[in-house]
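Overview (structure and organization)
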Amino acid sequence: MSRIVRAAAIQISPVLGDDGLGTARKVCQAIRDAAEKGVKLAVFPETFVPYYPYFSFIQPAFRFGSEHLELYERAVIIPGPVTDMVAEAARQTGMVVVLGVNERDFGTLYNTQIIFDATGEILLKRRKITPTYHERMVWGQGDGAGLKVVESAAGRIGALACWEHYNPLARYALMTQHEEIHCAQFPGSLVGQIFADQMEVTIRHHALESGCFVVNATGWLTDDQIREIARDPALEGPLRGGCFTAIVSPEGKLLGTPLTEGEGMVIADLDFALITKRKRMMDSVGHYARPELLSLLQDRRPAQTVHYVGEQEMGASVAPSGNEATP
């Protein structure tokens, strides 16, 4: 008998101007709301907690120093209060949760995706390998250690953020690990309709190529939030549109109606029999692959700024942080 998992792609607006926990509380409420609808997997937008750094897209770098410092103050420490809150909500509802956060690791911020299992355990913490365009002034780079598919209560899950989907080798790294559900995250409320159009093409193509479900979540800014961030009517345009919260089947079919404006959830039942149906025809990492001609080399070593040689008793030193959570 085929497995069926109910998933939700959640389009939601952040809480601006507080201590950073307001958005996390909103996430936990959305988890509880989704649980009432029978959802077992919930995906939230890119760096949703405390908020995506929209300021970096509309301001030159020399002007957004104060906003960048505020993001440092409100960013997420892992583990910490935010991950504790979300882990508890996941445990109480028996739900797998994929959450995007601004992670602070001492003096650097990262675009980080966290996968919580239905027990509340953090299965994976990964960092976006290459921040895009304006984002490079905000976040550091991730590494190959986080390009992993994890076994969860909802199935084998992989995740990428935004334009990581334009790195075919990053996608292929997850495909080779036979992901059943791919969780995609984009900021939303950015660039305009062309961004939404490109997003649809991107996630539908990955579903077809990987033979997996794709659950994609984008963020949403209200008119008041757009005015607050822009501070200038001439800068409001780039913060509108660009939302495409959707769920895609392994055959590239949209499951339900995509959400392109406002808050809400796209909910669909994922029938895993469709994965086999698609891969019987085209398994890009199996019978349709030609590894003797083309193959992928992936370096999974966590990036480290120091390598100790010699004595092991170095308790006073600060160890580099890894990209995968320790159980």
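Counting restarts for each chain, with residues numbered from 1 along the sequence as it is written. Since the coordinates come from a predicted model, pLDDT governs what is reported: local features require at least 70, and pairs of side-chain atoms require 80 or more to be given and counted, while whole-chain, interface and lining totals use all residues. Calculated side-chain values reflect all of the structure's heavy atoms, with hydrogen atoms and water omitted.

By the naming in an unreviewed UniProt entry, the protein chain goes by Nit6803 family nitriliase and is assigned to Acetobacter cerevisiae. UniProt positions are given in the numbering used here, feature names are shortened, and annotations may be inferred rather than shown by experiment. In the Sequence similarities (unreviewed entry) part of its UniProt record, the protein chain is described as follows: "Belongs to the carbon-nitrogen hydrolase superfamily. Nitrilase family."

What follows deals with the environment of Leu109. Secondary structure elements follow DSSP: runs of H or I of four or more residues count as helices, runs of E of two or more count as strands, with numbering from the N terminus. Positionally, Leu109 belongs in strand 4 (residues 108–116). Separated by 29 residues in the primary sequence, Leu109 and Val138 place their C-alpha atoms 6.9 Å from one another. Contact criterion: two residues are considered in contact whenever any of their non-hydrogen atoms come within 4.5 Å of each other. Those residues within four positions of Leu109 in sequence are excluded, and the remaining contacts are His68, Leu71, Tyr72, Ala75, Glu103, Arg104, Val138, Trp139 and Gly140.

Here the focus is the side chain of His206. Assignment of secondary structure puts His206 in helix 6 (residues 193–210). Look at His206 and you get buried, because its relative accessible area is 0%. In this structure the side chain of His206 is engaged in a polar contact, spanning 2.9 Å, whose partner is the side chain of Arg171. Excluding its chain neighbours within four sequence positions, the residues that come into contact with His206 are Arg171, Met175, Glu179, His182, Gly211, Cys212 and Val214. The rule is simple: take the accessible area with a 1.4 Å probe, protein chains only, and divide by the maximum for that residue type; under 20% is buried, over 50% is exposed, in between is partly exposed. By the criterion applied in these results, polar contacts are pairs of N or O atoms within 3.5 Å in which, for protein atoms, one can donate a hydrogen and the other can accept it, and in which residues neighboring in sequence qualify only through two side-chain atoms.

A separate point is the sheet that holds strand 1 (residues 4–11). Strands in a sheet are paired, the pairing made by backbone hydrogen bonds, and the direction either parallel or antiparallel. Pairing is mixed in the open sheet, where six strands are placed in the order 5-4-3-2-1-11. The open sheet is flanked by strand 5 (122–127) and strand 11 (264–271), the only strands paired with a single partner. Pairs of neighbouring strands in the sheet enclose a mean axial angle of 25°, with direction left out of account. Geometry is summarised by axes, namely lines fitted to C-alpha atoms with helices restricted to the contacting stretch, and by angles between N-to-C directions that run from 0 to 180 degrees. Where helix 3 (residues 65–74) meets the sheet, its contacts fall on strand 3 (96–105) and strand 4, and the angle it forms with strand 4 comes to roughly 40°. The criterion for strand pairing is that DSSP finds at least two bridges linking the strands in question.

Now for the sheet that holds strand 9 (residues 213–218). One open sheet holds the five strands; their spatial order is 6-7-8-9-10, and the pairing between them is mixed. Two strands bound the open sheet, and with one partner strand each, they are strand 6 (150–152) and strand 10 (246–248). Each strand of the sheet is rotated relative to its neighbour by a mean of 25°, with strand direction disregarded. Examined bridge by bridge, strand 9 and strand 10 share three bridges and lie antiparallel to one another. Note on strand 10: the bridge partner recorded for Val215 is Ile247. Against the sheet, helix 5 (residues 168–175) engages strand 7 (155–161) and strand 8 (181–186), with an angle of about 170° to strand 7. Strands in contact with helix 6 are strand 8, strand 9 and strand 10; relative to strand 9, the strand with the most contacts, it is inclined by about 155°.

Our next topic: empty space enclosed by the protein. Detection works on a 1 Å grid of protein atoms alone, calling trapped sets that fit a 1.4 Å probe cavities and calling open sets with protein on both sides within 12 Å along at least five of seven lines pockets, with lining residues defined by an atom within 4 Å of a point. Grid points are joined across faces, edges and corners, and a volume is the space filled by probe spheres set on the points. Scanning the entire structure with this criterion turns up one cavity of 30 Å³ or more. Looking at the largest cavity, its volume works out to about 60 Å³. Along its surface, the largest cavity is lined by Pro14, Pro45, Glu46, Thr47, Phe48, Tyr51, Tyr52, Tyr54, Pro187, Gly219, Trp220 and Leu221. Looking at the lining of the largest cavity residue by residue, the class counts come to nine nonpolar, two polar and one charged. In this classification, the charged set is Asp, Glu, Lys and Arg, the nonpolar set is Ala, Val, Leu, Ile, Met, Phe, Trp, Tyr, Cys and Pro, and all remaining amino acids, among them Gly, are polar.

Following the sequence through the fold, Arg127 ends up in strand 5. Arg127 gets classed as buried once you look at its relative accessible area, which sits at 4%. For Arg127, the side chain forms a polar contact with the side chain of Glu103, separated by 3.0 Å. Of note is the side chain of Arg127, whose polar atom sits 3.0 Å from the side chain of Asp105.

A few words now on the packing of aromatic side chains. Paired rings are identified among Phe, Tyr and Trp, the last through its six-membered ring, by centres lying within 6.5 Å, and are further divided according to the angle between planes into stacked (under 30 degrees), edge-to-face (over 60) and tilted (the rest). Summed over all chains, the structure comprises six aromatic pairs. Measuring from ring centre to ring centre gives 4.9 Å for Tyr52 and Tyr54, while their planes differ by 65°; the resulting arrangement is edge-to-face. Both residues of the pair, Tyr52 and Tyr54, belong to the buried class. In textbook terms, an aromatic cluster arises when at least three aromatic residues are bridged by ring pairs, as seen for Tyr52, Tyr54 and Trp139. The cationic tip of Arg3 hangs over the ring face of Phe272; the distance from NZ or CZ to the ring centre is 4.6 Å. Note that Arg127 overlies the ring of Tyr110, its terminal NZ or CZ placed 3.8 Å from the centroid. A ring is scored as having a charge over it whenever the NZ atom of a lysine or the CZ atom of an arginine sits within 6 Å of its centre and within 35 degrees of its normal.

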